[in-house]
Number of protein chains: 2
Amino acid sequence: MNDEQLHAMRHSLAHITAAAVQRLWPDAKFGVGPVVDNGFYYDIDLGEIKISEANFPKIEKEMRGIIGYGDDFERFEMPIDQAIDWARENHQPYKEELLNDLKRSGTTVAKDLDVSELGLATDGDSAVENVSFYKNGNFVDLCRGPHVANTKDVGAFKLLRVAGAYWRGNEKNPQMQRLYGVAFATQEELDQHLEMLEQAKLRDHRRLGKELDIYTVSQLVGAGLPLFTPRGTILRDLFASYSNQLRLGFGFQKVWTPHITKTDLYETSGHWAKFGDELFLVTSQETDDKMALKPMNCPHHTQIYASRPRSYRDMPIRYLETTTDYRDEKTGELGGLNRVRSLTQDDSHVFCRPDQIEAEINNLLASARELYSTIDMNLRVRLSYRDDGDGYLGEQSLWDSAQAQLKAAVVSNKLDYFEQDGEAAFYGPKIDFMATDAIGREHQVATVQLDFVQPGRFGLQYTDAEGNAQTPVMIHCALLGSIERFLSVFIEHTAGWFPFWVAPEQVRILTINDTVLDYVDEVKAVLNGLTLMKPVKYNEIRYTLDDRNESLGKKIREATTWKIPVQLIIGQQDKDNQEVSVRTQSGEEKLKLDELATYLQKL
Amino acid sequence: MNDEQLHAMRHSLAHITAAAVQRLWPDAKFGVGPVVDNGFYYDIDLGEIKISEANFPKIEKEMRGIIGYGDDFERFEMPIDQAIDWARENHQPYKEELLNDLKRSGTTVAKDLDVSELGLATDGDSAVENVSFYKNGNFVDLCRGPHVANTKDVGAFKLLRVAGAYWRGNEKNPQMQRLYGVAFATQEELDQHLEMLEQAKLRDHRRLGKELDIYTVSQLVGAGLPLFTPRGTILRDLFASYSNQLRLGFGFQKVWTPHITKTDLYETSGHWAKFGDELFLVTSQETDDKMALKPMNCPHHTQIYASRPRSYRDMPIRYLETTTDYRDEKTGELGGLNRVRSLTQDDSHVFCRPDQIEAEINNLLASARELYSTIDMNLRVRLSYRDDGDGYLGEQSLWDSAQAQLKAAVVSNKLDYFEQDGEAAFYGPKIDFMATDAIGREHQVATVQLDFVQPGRFGLQYTDAEGNAQTPVMIHCALLGSIERFLSVFIEHTAGWFPFWVAPEQVRILTINDTVLDYVDEVKAVLNGLTLMKPVKYNEIRYTLDDRNESLGKKIREATTWKIPVQLIIGQQDKDNQEVSVRTQSGEEKLKLDELATYLQKL
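Residues numbered from 1 in each chain as written. Chains lettered and ligands numbered in written order. Predicted model: local features only at pLDDT ≥ 70, side-chain atom pairs only at ≥ 80, totals over all residues. Heavy atoms only, no water.

Colleague: Explain the relation of the copies chain A and chain B residue by residue, including any values.
Modeller: Once turned by 180 degrees and shifted 0.1 Å along the axis, chain A lies on chain B with an RMSD of 0.4 Å. Read as a symmetry element, the transformation amounts to a two-fold axis. Minimal C-alpha distance to the rotation axis in chain A is attained by Val282(A), lying at 2.1 Å. Same-surface contact between copies: 100% of interface residues of chain A are shared with the interface of chain B. (Least-squares fit on C-alpha atoms with pLDDT ≥ 70 in both. Contact = heavy atoms within 4.5 Å.)

Below you can see the structure in the form of C-alpha cells.
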C-alpha cells in the first residue's frame, strides 16, 4: 500500500469514527478530522459528555458495524452558500464557521488549520464557489477527499486515546475532545505498532527520568524548565564533551556568550521580524534596555567574528558553544525533556570561504556519523535544496556550488540519503539527520545548515588574497541538537540501560561480608587508576560501594533496579583468589583482578 | 597616622579643594565632599564651565596657597533656620536643599547620602536644632567634622580626575562635576600610590582584554554582557575546571539548573521581597507565567535536594554548578569584566547536618587556599559573626556552634584572619576571602556562607537516625566568585603574562627557515603527547606554529606582544642537535628535545 492509499484509508477512518460517535451521541458537533502519523483524529464537541477509554470498545463496535455495511464513499459538491445552510440545519456550528471563513477570505481561510485536511474543494486563489462532501451510508461530511472506495477498505485500526483540544488551537475557543486512532493496512502491522507503543510506554523517559534520578521538575521553577540531578548532569556533560571533542579535533574553538541580548541584535539578524513573538522578553528595571533571552546563538557568534579584522588566511573560523537557549513554548506543549523551554544546544558556527564548504561539511558529517554510531543509532540524511520558487536569497551560482558540495560530502561519508527540492531555508540549503531508535522510531537529531544571508546582514567580512573585502558563508551545526531532547531519545532508545562509558554510576561494588573490606580497597585502587579514553577522553570511572549489612540478593536487586552496567561482587573466595565476580546484563563471570581494567576498557 | 587622622586629613583636603575652586570660580555651587578610599572628592556645579585635567595644576596651586596660609579649621554652630538663610545668601542651593530636607525629616534626611559625611551636627533621632560649620580662612562649609587643626596638617595630595555625577545620584537631577583627589600622610606614600595607579593603568584588563583578544563587547548585545573569544573561553573554562576539580575531590557532584524560573521560587525563598527590584524580569508571550532570570542559584538547588527523600546517611549532599546569573546593574556602573550583568558563578551548596559544618568548611577552605596559592595571591579572611542585635534568624546555640566551627576550620587551615561581630547575614555567619594582587590591591573573592533559614523556607528535610524529620543547614560557597570579575582581577594581577598552565596559547613554535619543517613535526609530536595534570587535570598543550617567511625578530616581537609564555625557536642547528631554543620571560636557553616535556611540566 502506498502513502496516498494509507492516507485515504486513515482519513476514511476519521469519517467512520465521526459517524460512529454521531450514532452514539446524535448531538455531537464536529470540528476537523485529519490524518496524522500512523493514524487519524477527530475533534468532537459533546457538550457535558466526556469520552473516556472505557467508551472505546463501544465506539469501535459501532465503527465495525459501519464498516460491515460496506457503503461506498460518495463524493458530491454543492455551492458554498448551500453548504453553509447544510451546516446550520445539521447543527454543526464549527463546520459553519469554517465555511463562512472560507467564503469570506477564499483559500487563505483558516491559516491555523491545514485547508487540504479540511477537504475543501478549492484550488489556487480563485474565489470559492463549490465545496465538496463525502457520504458513506447516512453520514455526510464536508471533505476534500480522497477516500477509499468503500468502508470495507479501511484496514486494521484501534482507537488509542482521547485528549482535550481547543477549537483551532486557541485557548479562548471552546475545548473539544480529540479522539485519536491508529490504522494500518494489515492487522500484523497494527499489532507491531501497538507493541512498539507498549515498548515506548515502558521506556518512557519521564518515568525512567524519575526512577533513575536523572532530572526533576519543580512547580516553583515552572513547566518546561527541568533541573538536572547529579546523575542527569553526568549524562549531559559527557554527551556535550563528546560532541565538543569530535569538533575540537577539526579545529573548532570554544566561545562563550551571554543568554540575553538587546533585541537590536535580532533586528539586525532579521529574527525579530520573523520570530519576535516566540521569544521570552527580558525587562530591565534599572534601564530602558529592550532585551530578550536568546533562542539561538548564531547572532551572538557573529559579534565575536566581527570583533577583529579577518583575513582569508584565518579562514575557516570555527566557533563551538554548548549553551542554553530559551524558547517561549506554550505550557500545554511541554512534556518531559522532549519539549522544553530551556534547550541546551551543542551549537557551532563555521565562518568560511565558499570554496571551503565541502571540507567543513565533511568534518561535521564525520562527527555526526561517529557520534550516532557510538550509540547504535542508524542515521539517514535529507539533503534539502532550493527549488525554482522565489524568495531564496544569495546568488544562484553560490547555491549550485554549495548544494553540490553538500551532496559530495554526504556521498563521501557513505551516508544513507535522500534529496528534496524546495525544502531549503530561504537563506541556504541544509542537511537534516534522522536517527532510528531501538524500537524503530525515527527522530530528527543533528542539522547542518548553510547560511548565505546572516553574514551579510551583520556586515561580516574577510580580506581576500587581493586585498578585497569578501563576505564569508556561515555553517550552523548541532550534533545532538537540544541536549534535553537528545536525552529523551537516548533514555528511551536504551531503556535506561546506558552504555558503560556514559552510565552515571558505571560500577557498583557489592560486598558479601565485611571480611573483604581490605580487598575492596585493592579493587578500588584498580578503578581509581583507570580513565577511559574512548569515546570521550579523560572519562574517570564512576563507582560506588555497597558494603551495607544486607543480603547479596537485596544488593543485586537494588543495583539492577538502578540499571548499573557493572556489578562487582566480592566475597571471601574472590579475595582469596584475587578475583572479582563481574555481573552485567549478559550474565556473571569471574575475572582476575589484574584483568579488570582491560575488561572495563573494552565494554 | 591612624585611620581617624587620615580621614580628617582627607576630609580637610575636600574643603581646601572647594575653597580653591571658589577662589577661581566664585560662582561655584557645592554639593557634598566626602572621604573615599585613598582620598576624597567634591561635587561642584560650575554651570557652563567644564573642569578638565588641564585645570588641575591651577587648582592645586591655589590649594597649596590656602595650605600655606596655615589657617586653623574652626568649628561653630548655628540654628538650622539661620543655616538655611546662610546657604541662600551665599547662593548655595544644594546646601540649602540638604538643610531643608534635614529640617523637614530629622536625621532620616538624605537616605541617598551618608549624613555623617555631610557633617551635620545631629545625633540620634532627636529633632534637628543646631548644625555645625567649619571655617578655614574665609571659606565656610556646612560640616560635621572632624578636621585637622590647621590647613598645614593635610599631608601630601594630588588631584586625580574629574567625572560627571548627578546630584544625589539621581539621573533626573542636575549633573555636577566630581573632582577626585588622593591624599596620604607622606609624599612617599602618595608616590607609591600614584605608581600603583600607573601600574594599574598599564594592567587595565579592558585594554589587555582587547589586546590579548580575551573578550569583546557588542553594542547590539548590550552593556555589561561581554562575549568571550576562544582565548578568553580557555581562561574561563580552565579556572572553572580547576575550581570544580578541587571540590569534586571532596565529594561534590555537578548539577544543572535553568537560568530562568517562575518568581514563585523567590517568593518562597524570600529573595523576591528583598531583591525583587534588582532582577531582570522575564515575560512569556505565550503564557501568563511571571518569571525572572536567576540572580543566584541556591533556590534552584534546593529543588533538586527536595526531589527525593533524604536520610542522615546521605548527608552531606553537595551540589556544584558553574552557571551564569543575571543582575540588573545600572548601565552607568558597568565596566569591562569587573561589573557585569551576566556573572558566571562557580557556585556550590552543601546540605548537611549541624555536626558536619566544620568538616565541610575545612574542605572549602583548603580548596580556596590551594586555588589562590596556585595563582600567587595572598589570602586573608574575615570571619563575620552575629552580634547581640535583633533580626538574626536561627537558634542561638546553632549560631554559637557554627561560629566556633568556622573559626576552628580557619585556624586549622592556618589562614590569616580577623573577626567582626555584627557582620553576619541575618541567616548565618560567613567567611569572606580577600586576595592581594601583584600591585598590592586587595580584592574580595571567594565566600563561604552558612544558611540557617532557606532550608526551612523550602521545607527541606532529612530523616535522622531515630526516624525524625530534621532541617539541614546549607553552606553556600563560590571559590572564584564571579568568573568575569575574577578574570578582571587575574588579568591585572598577571598583567596578561598568564602562568603557563592557563595561558590560552602556551607555546608558539617559531621557525627560522623552512628547512626545519620536518623537525618541527618531531617537536609537535612531543607537545601533542603531553597533557598537564597540575593544577588542572587533563590539560592538553595549546600551541601554534609560526612558519611564515618572516624574520625571526618579527616573529619574536609578535609572540612577545601576545605574551606567549613559551616561544620555541627552531633553526638548522637545533635540528642538527635535536634541540630547541626555549625563550621565556626570564630569558633564552637550549634544551634537548627529549627534555622538553619535563621542562614544560615544571613551569
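Colleague: Help me get a handle on the packing of aromatic side chains, residues and values and all.
Modeller: Scanning the model with the defined rule gives 41 aromatic pairs over all chains in all. Ring geometry for Phe426(B) and Tyr427(B): centres 5.1 Å apart, planes at 90 degrees, overall edge-to-face. One aromatic cluster is present, formed by Phe239(A), Tyr242(A), Tyr372(A), Phe486(A), Phe490(A), Phe498(A) and Trp501(A) through successive ring pairs. The side chain of Arg231(A) reaches across the aromatic face of Trp562(A), ending 4.3 Å from its centre. Positioned above the aromatic ring of Trp399(A), the side-chain terminus of Arg386(A) is 5.3 Å from the ring centre. (Phe/Tyr/Trp six-rings, centres within 6.5 Å; stacked < 30°, edge-to-face > 60°. Lys NZ or Arg CZ within 6 Å of the ring centre and 35° of its normal.)

Colleague: Lay out the side chain of Gln92(B) in plain terms, naming residues and giving numbers.
Modeller: All names here are of chain B. In this fold, Gln92 is placed in the loop between helix 3 (80-89) and helix 4 (93-105). The class for Gln92 is buried, based on a relative accessible area of 6%. Setting aside residues up to four positions removed in sequence, Gln92 forms contacts with Gln22, Ala28, Lys29, Phe30 and Ala87. (Helix = DSSP H or I, 4+ residues; strand = E, 2+ residues; numbered from the N terminus. Buried < 20%, exposed > 50% of the residue type's maximum accessible area, 1.4 Å probe, protein only.)

Colleague: Give a detailed account of the interface of chain A and chain B, specifying residues and quantitative values.
Modeller: Contact residues are listed per partner, giving 67 residues for chain A and 67 residues for chain B. Across the chain A/chain B interface, buried area totals approximately 5,500 Å², and carbon plus sulfur atoms make up 57% of it. On the chain A side of the contact with chain B, Leu220(A), Trp256(A) and Gln285(A) bury the most area, a combined 14% of that side's loss. Inspection of the chain A/chain B interface yields 8 salt bridges. Inspection of the region where chain A meets chain B yields 43 residue pairs in polar contact (both at pLDDT 80 or more). A per-element tally of the side of chain A that touches chain B places helix 8 (residues 230-248) of chain A first, with 4 residues. Counted by class, the side of chain A that touches chain B contains 24 nonpolar, 24 polar and 19 charged residues. In terms of strand pairing, strand 13 (residues 281-283) of chain A meets strand 13 (residues 281-283) of chain B through 3 bridges, oriented antiparallel. (Buried area = accessible area lost by both parts, 1.4 Å probe. Salt bridge = Lys/Arg side-chain N within 4 Å of Asp/Glu carboxyl O. Polar contact = N/O pair within 3.5 Å; in protein donor to acceptor, adjacent residues only side chain to side chain. Nonpolar A, V, L, I, M, F, W, Y, C, P; charged D, E, K, R; others polar. Pairing = 2+ DSSP bridges.)

Colleague: How would you explain the packing of helix 8 (residues 230-248) of chain B against helix 12 (residues 357-374) of chain B if you had to name every residue and give the values?
Modeller: Residue and element names in this part refer to chain B. Where helix 8 contacts helix 12, the axes come no closer than 9 Å and their chain directions differ by 145 degrees. For the element pair helix 8 and helix 12, the recorded crossing hand is right-handed. The segment helix 8 lies against helix 12, with Tyr242, Ser243, Leu246 and Arg247 engaging Leu364, Ser367, Glu370, Leu371 and Thr374. Residue composition of the contact of helix 8 with helix 12, grouped by class: 4 nonpolar, 3 polar and 2 charged. (Axes fitted to C-alpha atoms, helices over the stretch in contact; angles between N-to-C directions. Left-handed = near helix turned anticlockwise from the far one by under 90°.)

Colleague: Break down the environment of Leu194(B) for me, citing the residues and quoting the values.
Modeller: All names here are of chain B. Relative to the helices and strands, Leu194 resides in helix 6 (residues 187-202). Considered as a pair, Leu194 and Ile475 are 281 residues apart in the sequence and their alpha carbons are 41 Å apart. Once you skip the residues sitting within four places of it in the chain, Leu194 turns out to touch Lys158, Leu160 and Val182.

Colleague: So, helix 13 (residues 396-412) of chain A: which residues are in play, and what are the values?
Modeller: All names here are of chain A. Taking 1.5 Å per residue, 17 residues should reach 24 Å; helix 13 reaches 24 Å between its end C-alpha atoms and fits that length. Taken together, the buried positions of helix 13 are Trp399, Ala402, Gln403, Gln405, Leu406, Ala409 and Val410. All buried residues of helix 13 fall inside an arc of 160 degrees around its axis, so they share one side. On its buried face, helix 13 sits against helix 12 (357-374), strand 17 (378-385), strand 18 (416-421), strand 19 (430-436) and strand 20 (442-451). Taken from the residues just after helix 13, Lys414 is the one with a positive phi, measuring 55 degrees. (Expected span 1.5 Å × (residues − 1). Arc of directions from axis to C-beta.)

Colleague: Which residues make up unusual backbone geometry, and what values do they have?
Modeller: In this structure, the amide linkage connecting Met315(B) to the following residue, Pro316(B), adopts the cis form with an omega of -5 degrees. Tracing the sequence through the fold places Pro316(B) in the loop between helix 11 (298-305) and strand 15 (317-326). Looking along the chain, the bond that leaves Lys534(B) and enters Pro535(B) is cis, with omega of -10 degrees. Within the element layout of this structure, Pro535(B) appears in the loop between strand 25 (531-532) and strand 26 (539-540). Although it is not a glycine, Ala495(A) sits at a positive phi angle of roughly 55 degrees. Phi is positive for Asp213(B), close to 55 degrees, though the residue is something other than glycine. Within the secondary structure, Asp213(B) sits in the loop between helix 7 (205-211) and strand 9 (215-216). Residue Asp213(B) is classed as buried on the basis of its relative accessible area of 12%.

Colleague: Residues and numbers for the environment of His15(A), please.
Modeller: All names here are of chain A. The residue His15 is located in helix 1 (residues 3-24) in this model. For the pair His15 and Tyr41, spaced 26 residues apart in the sequence, the C-alpha separation amounts to 9.5 Å. Among all residues touching His15, those that are not within four sequence positions of it are Phe73, Tyr134, Phe139, Asp141, Cys143 and His147.

Colleague: Can you explain the pattern of salt bridges? Please cite residues and give values.
Modeller: Taken as a whole, this structure holds 78 salt bridges over all chains when the rule is applied. For Arg339(B), the salt bridge goes to Glu329(B), with nearest N and O atoms at 3.2 Å. With Arg339(B) in the loop between strand 15 and strand 16 (342-352) and Glu329(B) in the loop between strand 15 and strand 16, the pair connects residues that are 10 residues apart, well separated along the chain. Relative accessible area serves as the criterion here: at 39%, Arg339(B) is assigned to the partly exposed category. Residue Glu329(B) is classed as buried on the basis of its relative accessible area of 18%. Here Lys590(B) makes a salt bridge to Asp574(B), at a shortest N to O gap of 2.7 Å. Within this pair, whereas Lys590(B) is found in strand 30 (residues 587-592), its partner Asp574(B) is found in helix 18 (residues 572-577), the two being separated by 16 residues in sequence. Members of the salt-bridge network, linked through shared partners, are Glu97(A), Asp101(A), Arg104(A) and Arg168(A).

Colleague: Can you tell me about the sheet that holds strand 23 (residues 473-482) of chain B, naming the residues and giving the values?
Modeller: Within a sheet, neighbouring strands are paired by backbone hydrogen bonds and run either parallel or antiparallel to one another. Residues and elements named next belong to chain B. Strand order across the open sheet formed by 8 strands is 11-15-16-23-20-19-17-18, with mixed pairing between neighbours. Strands at the two margins of the open sheet, each flanked by one partner only, are strand 11 (253-254) and strand 18 (416-421). Where strand 19 (residues 430-436) meets strand 20 (residues 442-451), 6 bridges bridge the pair, whose relative direction is antiparallel. Looking at strand 20, one finds that Met434 is bridged to Gln444.

Colleague: Lay out the domain arrangement of chain A with the relevant residues and their values.
Modeller: All names here are of chain A. Examined at the domain level, chain A breaks down into domain 1 (3-203), domain 2 (210-494) and domain 3 (500-601). Averaged C-alpha coordinates put domain 2 and domain 3 at centres separated by 39 Å. The partner domain 3 presents 13 residues to the 14 residues of domain 2 that form the contact. Both sides of the domain 2 and domain 3 interface together cover about 1,200 Å² of buried area, and 74% of this is carbon and sulfur. On the domain 2 side of the interface with domain 3, the three residues burying the most area are Arg231, Leu238 and Gln245, jointly 46% of the side's total. The interface formed by domain 2 and domain 3 holds 1 salt bridge in total. Arg231 is paired through a salt bridge with Glu505; the nearest N and O atoms lie 2.7 Å apart. Inspection of the region where domain 2 meets domain 3 yields 2 residue pairs in polar contact (both at pLDDT 80 or more). Tallying contributions element by element places helix 8 first for the side of domain 2 that touches domain 3, with 8 residues. Tallied by class, the residues present in the side of domain 2 that touches domain 3 amount to 8 nonpolar, 3 polar and 3 charged. (Domains from an automatic or database assignment.)

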